[in-house]
Structures are given as C-alpha cells and as structure tokens.
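Working through the structure, step by step
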Amino acid sequence: MQTKLIAIDPLHIDRTLCAEAGSLLAGGGTVIFPTETVYGLGANALDAKAVERIFAAKGRPSDNPLIVHVASAADIVPLVERLTPMAKQVMTHFWPGPISIILKKSTLIPNIVTANHPTVALRMPSHPVAQSIIKNAGVPVAAPSANISGKPSPTAFAHVRHDMYGKVDMIVDGDVCEVGLESTVLDLSGDMPTILRPGAITPQMLEPVIGMVTSANSASPHDDSPKSPGMKYRHYAPNAQVVVVTGDASRQDMHIARLCIAAKCDGKRVGVLTYEDKGNIYNSDIVIYAGGTPMEYGSNLFAALRQFDDENIDLVYAPFNWTDEYSAAVANRLYKAADGRVARVE
Ligand code: TXA
Ligand code: MG
C-alpha cells in the first residue's frame, strides 16, 4: 500500500492538509496522526470495513476494543446510550485532554470497534492537529496507538514511519507527543468509577470532581481476568529484555554495575535506563537518561525503549523507585515492558 507522508506544524495548522487527512478518514482510509499522548492510527469509527483495516495494520487481536475520538464533547451524544452526570463532569473538567471514558454504547457504533462489548471508550484529544483532522473528518475516529501490536507506543513521527509505513494510507508528522503515555482509561459504565489504565489524569485529580475512584490492578501483565481486554496482552516490549531494579536506592548503582558486568561476560549487549543523570557509572554498553521527573521520564520512556532496540541491546536494567501518583502510570508501562522481570536490591 502507498503511504502518503505529510507534516503539519501544531503551532501553524495547515487547514488544507487537515482537510485532506479528514476526507481520507471520512472515505474509509487509515490515517496516523499525533495526539498529546501518543500517535493514533485512525479510521472512521462508523465504518466497520475501515476499522477492520486498523486491526490488520497493527496485527491487533480482534478482542481488544478501540477508543473512539471526537472533536467536541457534544459529538459523543449519539454514540452512547446515556450521557451520565458523572461523565459530563469528567468531560467538563478534563476534555480536551488525556483521559478516555467508557460508557454504554449506542447502536451507531459497530461491534468491531468495541470487540462486541456493550460499552465504548471515548476521548477528545487536545492536540491541535488531532482536533483539526477529526473535525474535518466529520465522523468519530477510532484510533489505537499507532504501533505494531505489542511494541512500545509511538511518540514521534520516526516511530510510526518505522512501524507503519506501507500499511496505512497517510501518516501525519505533527512533532513529538508531549505526554508520551497513553490516556487514562476511566470506566464509567458501572456503579463505581474505575481506572482501567493509569495515565496523566490521576485519581487525585479525579476525586475532587467525581468522588472516590477505584483502580483495576493493571500493573501486572499476568492478571488473567482483566476488565480492560487490552491489559492481558504483552505490551510495550522492546526486543531487549527489560529488568526493573527496585529496593535499597543507595545500593542500586553498585548492584546494576555488577549485573552489567555479568551480562557482558555472557556476551550480551546491555543498557541502563535511568532517572538520575550520572553518566555511565555502570560499565554498560549504553545508558539512556529518560529525565529526572516522572512527567519527563514518562514522556521519554517509549522513545528510550525503541532506542535500545536501535542499538541492538539484549538486556536493559531500569532502576525505579518513584511512588507518587503520576508515577503509577509510568510504572505501569515500565513493568509491562519488563514482562514481570524485577530485581530487588535488599
Ligand atoms: O492515549 C490514548 O488513549 C491513545 C491515543 C491514540 O488516543 N490510544 C490508545 O489506544 O492508547 P489503544 O487501543 O492502544 O488502547 C486502548 C485501551 C486498550 O487497553 C483497550 O483494551 C481499552 O483501552 N478499551 C477500549 N475500549 C474499551 C472498552 N469498551 N472496555 C474496556 N476497555 C476498553
Ligand atoms: Mg496501544
């Protein structure tokens, strides 16, 4: 398939290019566009044939439902059975922005979008390029993260071009994604608001608005009864094996240095992913400093995981001790990338 590559500057939106991307979507095509979280692979959410092409391009299992993106809050009214007062509150406070809400779906949404679930996830992104393209499409846009299924989500144009060139009709370069972690997924379809996937909108931000929020245990990739189907799949996995290193912070560096030497003796290429910029004190082949705050680290995490692959790294040690609210989203992605591998320094 021929993939058209275009660039749209988020600070100077080119209306003609957004209209071109929008009409491709409206006509059943697939378009990758930037959002403030990660790049999305979009298709007309009301066109089952178009949505099929998303699953094919990503190699995504058909039992994993998609998020439907809209250009304005009012656009979700025909897509849901009932717009609840709690959903209205969340939308008023946090849309446009990095949170998706789950409500009971209307019959307008084809079953392929929701993987036969009676509910639908909805989001209004704040990225100006995403907003303009969806508005121009004139239809709701189903869009998962634009990575090959199981790989780290794409946060830059180079990532989507690498994964998806030749598999979609158009890729829009709209610079890097600021948040860098996918949206918070908040299930509002039951009695209790439940976070199915942690993200930049945290429980502490939600609770003053809608009261108590529970969290589904999403950190463990081995949970085999997930509420959100996407949680059961292996995620964010680079080719390298990632090992999270926790425990006594004062002894972590020494421990990692020893692990690196042992791995190199085994003939492995080894990397370290850090949040303290100390240079290469580990004797590893490469050190990537992802940033000194959870927000900065979160926005660089997926790019760092991809960089380890570019450098043919076999094994990555990632010290991680943050426990604040925002870090829950970061830890969720890192632990999934590690597929449960944790080394504890006592
Ligand atoms: O930030 C984001 O949310 C990005 C950008 C492109 O908007 N999109 C994204 O989509 O991350 P995706 O498909 O990679 O992740 C959607 C997650 C999956 O874990 C899926 O299982 C869950 O949301 N999900 C979608 N619809 C659902 C539903 N009706 N019930 C439960 N979980 C649902
Ligand atoms: Mg995804």
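Everything numeric here is computed off the predicted structure, so don't read it as measured data.

This brings us to the sheet that holds strand β16 (residues 342–345). As summarised here, the arrangement of the five strands in space is β14-β13-β15-β12-β16, forming an open sheet in which the pairing is parallel. A single partner strand is all that each edge strand has here, and the edge strands are β14 (286–289) and β16. On average, adjacent strands in this sheet sit at an angle of 25° to one another, irrespective of strand direction. As paired strands, strand β13 (residues 270–274) and strand β15 (residues 315–319) are joined by three bridges and run parallel to one another.

Across the interface, helix α3 (residues 85–94) lies against helix α7 (residues 203–210) with an axial gap of 10 Å and an inter-helix angle of 125°. Regarding the angle of α3 to α7, the classification is oblique. By crossing handedness, the relation of α3 to α7 is classed as right-handed. For the pair α3 and α7, the contacting residues are M86, Q89, V90, H93 and F94 in the first and M205, L206, V209 and I210 in the second.

With that out of the way, let us pick up unusual backbone geometry. Between W95 and the following residue, P96, the backbone shows a cis peptide bond with an omega angle of -5°. Mapping P96 onto the fold places it in the loop between α3 and β5 (99–104). At D339, a residue that is not glycine, the phi angle is positive and equals roughly 50°. In this structure, D339 sits in the loop between α10 (325–337) and β16. The class of D339 is partly exposed, set by a relative accessible area of 24%.

Taken as a whole, the second largest pocket holds about 320 Å³ of empty space. Lining the second largest pocket are 16 residues, with H162, R306, Q307, D309 and D310 sitting closest to its centre. Of all elements in the fold, only α6 (157–164) and α9 (294–310) reach the threshold of two or more residues within the lining of the second largest pocket. By residue number, the principal contributor to the lining of the second largest pocket is α9, which donates seven residues.

Most often, soluble globular proteins keep nonpolar side chains buried together rather than apart. Counting 45 residues, the largest nonpolar core has I32, V90, W95, I101, L122, L186 and L206 as the members making the most contacts within it. Counting residues per element, the ones that place at least two in this core are β3 (40–44), α2 (48–58), α3, β5, β6 (119–123), α6 and α7. Ranked by residues supplied to this core, first place goes to α2 with five residues. In this structure, I32 is in contact with Y39, G40, L41, A146, V160, M164, V168, M170, I171 and V172, ignoring residues within four places of it in sequence. Ranked by size, the runner-up nonpolar core spans 30 residues in total, among them I286, F308, V316 and A338.

Conventions we followed
- Counting restarts for each chain: residues are numbered from 1 in the order of the written sequence.
- For this description, chains carry letters from A and ligands carry numbers from 1, given in the order in which they are written.
- Predicted model: local features are reported for residues with pLDDT of at least 70 only, side-chain atom pairs are reported and counted for 80 or more only, and whole-chain, interface and lining totals are derived from all residues.
- Side-chain descriptors were evaluated using all non-hydrogen atoms of the structure, hydrogens and water having been removed beforehand.
- A pair of strands is considered paired only if DSSP assigns at least 2 bridges between the two.
- Here a strand is any run of E in DSSP of at least two residues, a helix any run of H or I of at least four, and the numbering for each starts at the N terminus.
- Note on method: axes are straight lines fitted to C-alpha atoms, helices fitted across the in-contact stretch only, with angles between N-to-C directions ranging 0 to 180 degrees.
- The cut-offs work like this: below 35 degrees is roughly parallel, past 145 is roughly antiparallel, 65 to 115 is roughly perpendicular, and the gaps in between are oblique.
- For any pair of crossing helices, the crossing counts as left-handed if the nearer helix is rotated counterclockwise from the farther one by less than a right angle, and right-handed if it is rotated clockwise.
- Any pair of residues with heavy atoms lying within 4.5 Å of one another is described as a contacting pair.
- A simple rule labels every residue: compare its accessible area, found with a 1.4 Å probe on the protein chains alone, to the largest value its type can have, and call it buried under 20%, exposed over 50%, or partly exposed in between.
- Lining residues are defined by having an atom within 4 Å of a point belonging to a cavity or pocket. Those points lie on a 1 Å grid over the protein atoms alone, cavities being sets where a 1.4 Å probe fits but cannot get out and pockets being open sets with protein on both sides within 12 Å along at least five of seven lines.
- Grid points are joined across faces, edges and corners, and a volume is the space filled by probe spheres set on the points.
- Buried residues of nine kinds, namely Ala, Val, Leu, Ile, Met, Phe, Trp, Tyr and Cys, make up a nonpolar core once their side-chain atoms join them within 4.5 Å.

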